[in-house]
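So you can see what is in the structure, the chains are spelled out below.
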Amino acid sequence: MNQYETVIVLTPLLSEDAAKEALAKFKAILTDNGAEIIQEDNWGLRKLAYPIEKKSNGFFNLTEYKSSGDLIAKLELELKRDERVLRFLTIRLDKHAVAYNEKKRSGAFNKKTKEVAA
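Remember, it's a predicted structure, so these values are computed and weren't measured experimentally.

(A) A look at the pattern of salt bridges. Tallied over the full model, the rule gives six salt bridges. The salt bridge partner of lysine 27 is glutamate 40, with a shortest N-O separation of 3.3 Å. Here glutamate 40 lies in strand β2 (residues 36-52) and lysine 27 lies in helix α1 (residues 16-32), a separation of 13 residues in the sequence. The structure contains a network of salt bridges with shared partners spanning Lys25, Glu78, Arg81, Asp82 and Arg84.

Okay, structure coming up:
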């Protein structure tokens with residue numbers, strides 16, 4: 001099983017509840033097919049870098065999970081069929097990206113170092 005990350009951008013015309021419902025549908029596809037959700041990060045409504053389908057905002061969501069490769073094809077097919085999805089991107093994480101994400105989740109990058117007084 002490989003570790004993957006999927007970023008989904010939903011249309012801004014959805015209400016907050018409708019966006020959560022859409023994301024729950026995709027999460028259910030993953031868990032029903034044996035994927036292990038490692039982290040889910042909802043970024044909320046954000047401005048897009050360029051307009052997509054004449055929309056300048058979108059609901060962003062990042063999901064990190066472990067699954068087999070054949071599940072990715074099923075998930076992406078459902079993402080393509082859903083009209084609420086503006087864009088999505090799925091990548092397989094290599095060992096360095098996995099280590100980086102583990103450090104980020106543990107808060108290693110948020111710790112401030114003590115300054116030594118001269």
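(B) Geometry of helix α2 (residues 69-81). Across its 13 residues, α2 extends 19 Å between first and last C-alpha, which sits within 8% of the 18 Å expected from 1.5 Å per residue. Looking only at α2, the buried set comprises Leu71, Ile72, Leu75 and Leu79. Each buried residue of α2 sits inside an arc of 105° when the element is viewed along its axis, so together they form one side. Facing away from the buried surface of α2 by more than 90 degrees, the exposed residues are Asp70, Ala73, Lys80 and Arg81.

(C) Inspection of unusual backbone geometry at higher detail. With phi around 50°, glutamate 53 is a residue other than glycine that occupies positive phi space. Even without a glycine there, the phi angle at lysine 54 is positive, about 60°. In this fold, lysine 54 is placed in the loop between β2 and β3 (55-67). A relative accessible area of 84% means that lysine 54 is categorised as exposed.

Conventions we followed
Residues numbered from 1 in each chain as written. Predicted model: local features only at pLDDT ≥ 70, side-chain atom pairs only at ≥ 80, totals over all residues. Heavy atoms only, no water. Salt bridge = Lys/Arg side-chain N within 4 Å of Asp/Glu carboxyl O. Helix = DSSP H or I, 4+ residues; strand = E, 2+ residues; numbered from the N terminus. Expected span 1.5 Å × (residues − 1). Buried < 20%, exposed > 50% of the residue type's maximum accessible area, 1.4 Å probe, protein only. Arc of directions from axis to C-beta.

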